[in-house]
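One letter stands for each residue in the lines below.
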Amino acid sequence: MGEAEILSYRRCRLRFLVGLLLLCTTREVSSSIHEYHNEAFIPHSDGFFFHGGSEGLYSSKVHDSSSTSPDKPLQGKSFIRFEDVTFVRTKEAASKQNEMQQNTGLIEAIIFEVKDRERIGGAFLKTNAICCHPALAQTGSCTLGEVIIQKDQDNQEWPKRIQTSFAGKNEEVVMKPDTVEINTTGMYYLYFMFCNPELKGTLIKGRTVWKNPNGYLPGKMTPLMTFYGIMSLAYLALGLIWFLRFVQFWKDVIQLHYHITAVIALGMCEMAVWYFEYANFNSTGSRPMGVTLWAVTFRTVKKTLSRLLLLVVSMGYGVVRPTLGGITSRVLLLGLIYFIASEALELVEHLGNINDLSKKTELFLVLPVAFLDSCFIVWIFSSLSKTLEKLQMRRNMAKLDLYRKFTNSLAVSVLLSIAWIGFELYFNATDPLSELWQVAWIIPAFWTLLAYSLLVVICVLWAPSRNPTRYAYLEETGEDFDEEGISLTSTVDIAAKLERKGLGEDLEEDKRE
């Protein structure tokens, strides 16, 4: 066979395997205990397959074969364990068999690392077949009726093949309990496959347990547990500093400070709940719906209030205007719609399986959140522009400098967000099979760090102090966004308050402006 034909075979084989793996990745489960409830096998090429799971697994820390018995805990080991896996074929398929025949239908469980995906199938035999047919069997390259596997020269046990056969006319067969130890760090895939077309319609039930050396948390999620623990302490530290400042100058706090306090408290709760949820997942192998629901809800509420905080600060609330006036209802409506859309997306991502949905349904969930985020950004910068213009016209340099710093920080965060979205798209496009699973955690971690950084900036700029006039609202010229229905405090009342605080000179200066 010519070199061009060989290259053609390899390209076709690679496209098939990548397509198969991409199809399988749409069945990710939300726990390290992968349960199968009468699932059907999918026909592909000349065989049938069922994707049993895929996870990033770290290599075992200990390699003591004596501890692999079922009655001993596998501490420090990474493994995939088969528990009560049962195959059920149709009555029609069973009736066609000879009841005296020992093997009347073969099903294979195949485990391999994603980098060895080309070893599954006949690429090395210059064929596109998955299953061994008579012509290939006659050459001695494979066994008739089995999936073609090219063994690793350095480790003849991998890719791993575990065979289970129906006997006679039995409709069910239970797979022998087995534990496969993982001694090499990598992204592992599990397929259940058969080549016999008479087994079409066969179902699978049971479960497999996947475990890393330090617990059941999937390798891709393991660093996030540590990250959420660190962020919990970071929010705690920020909350403590803010609380001390709040108590120290409690007589001079404004309404905006209460909003900032609420966001800090929600962030603290969110990080703590996520850490607890991941720690529980790591110890049990499953994600309780109640805990996950609380974590998702805390995240959504915090995201919504954080965006609302940025918006009202940009509008000058508590600084150049005492209330939001007629636009309050619009602000609250945008926040409510964002909360509902974001909560729906988060629930599907963490409690359900978004990949089980159609692409149209995915867009239905993702696009509204993206559109609402865009609305927030446009409204925030539009409001900032008006606020800066107002402060510049009044020549209030202290507040103008404050808002310029805030605008610069916000602009930097938007640029970083755009750059990170581009990186995230590139990362996902170039790593469709999760081969870079060990660094994938940095993508969600970035957004958490960015939100925390913006909150710190707001806390620094609007920290309670002995001089609240640096940022607090003072009626200055009486033209405080009248077009948006803002109610203003009377000049007489403010003058009385400022006299009591010894700030009458500031009022006279504001009047001259």
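Reference entry: report on the structure contained in this document. Just so it is clear, the model here is predicted, and its values are computed rather than measured.

### Regarding the state of the cysteines
Two cysteines whose sulfur atoms are joined by a covalent bond form what is called a disulfide.
At step 1: Under the criterion given, the structure shown has two disulfides.
At step 2: The disulfide partner of Cys131 is Cys195, and the S-S distance across this bridge is 2.1 Å. As the torsion about the S-S bond is roughly -90 degrees, the Cys131-Cys195 disulfide counts as left-handed. Of the two residues, Cys131 sits in the loop between β5 (106-113) and α3 (134-138) while Cys195 sits in the loop between β9 (186-194) and β10 (203-211), which places them 64 residues apart along the sequence.
At step 3: A sulfur-sulfur distance of 2.0 Å marks the disulfide that ties Cys132 to Cys142. Disulfide Cys132-Cys142: torsion about the S-S bond near 75 degrees, hence right-handed. One end of the pair, Cys132, is in the loop between β5 and α3; the other, Cys142, is in the loop between α3 and β6 (160-165), and ten residues separate them in sequence.
At step 4: Here Cys132 falls in the buried class, since its relative accessible area comes to 3%.
At step 5: In the protein chain, the cysteines engaged in disulfides, taken in order along the sequence, are linked 1-4, 2-3.

### Brief notes about the packing of helix α4 (residues 222-248) against helix α5 (residues 255-284)
At step 1: The interhelical angle for the contact between α4 and α5, taken along N-to-C directions, is 155 degrees, at an axis separation of 8 Å. With respect to their mutual orientation, α4 and α5 come out roughly antiparallel. The element α4 and its partner α5 pack so that their crossing is left-handed.
At step 2: Of the residues belonging to the contact of α4 with α5, the class tally is 19 nonpolar, seven polar and no charged.

### Description of the packing of aromatic side chains
At step 1: One pass over the full model with this rule turns up 30 aromatic pairs.
At step 2: Each ring, one from Tyr338 and one from Phe376, has its centre 5.6 Å from the other, and the planes form 90 degrees; the classification is edge-to-face. Of this pair, Tyr338 sits in helix α7 (residues 328-350) while Phe376 sits in helix α8 (residues 359-394), and the two are 38 residues apart along the sequence. The pair Tyr338 / Phe376 is uniform in exposure class, with both members buried.
At step 3: Following the ring pairs from residue to residue traces out a cluster consisting of Tyr36, Phe41, Phe48, Phe50, Phe82, Phe87, Phe192 and Phe194.
At step 4: Positioned above the aromatic ring of Tyr216 is the side chain of Lys211, whose terminal nitrogen or guanidinium carbon lies 5.9 Å from the ring centre.

Calculation rules
- Residues numbered from 1 in each chain as written.
- Predicted model: local features only at pLDDT ≥ 70, side-chain atom pairs only at ≥ 80, totals over all residues.
- Heavy atoms only, no water.
- Disulfide = S-S within 2.5 Å.
- Helix = DSSP H or I, 4+ residues; strand = E, 2+ residues; numbered from the N terminus.
- Buried < 20%, exposed > 50% of the residue type's maximum accessible area, 1.4 Å probe, protein only.
- Axes fitted to C-alpha atoms, helices over the stretch in contact; angles between N-to-C directions.
- Parallel < 35°, antiparallel > 145°, perpendicular 65-115°, else oblique.
- Left-handed = near helix turned anticlockwise from the far one by under 90°.
- Nonpolar A, V, L, I, M, F, W, Y, C, P; charged D, E, K, R; others polar.
- Phe/Tyr/Trp six-rings, centres within 6.5 Å; stacked < 30°, edge-to-face > 60°.
- Lys NZ or Arg CZ within 6 Å of the ring centre and 35° of its normal.

The analysis is restricted to geometry; functional conclusions fall outside its scope.
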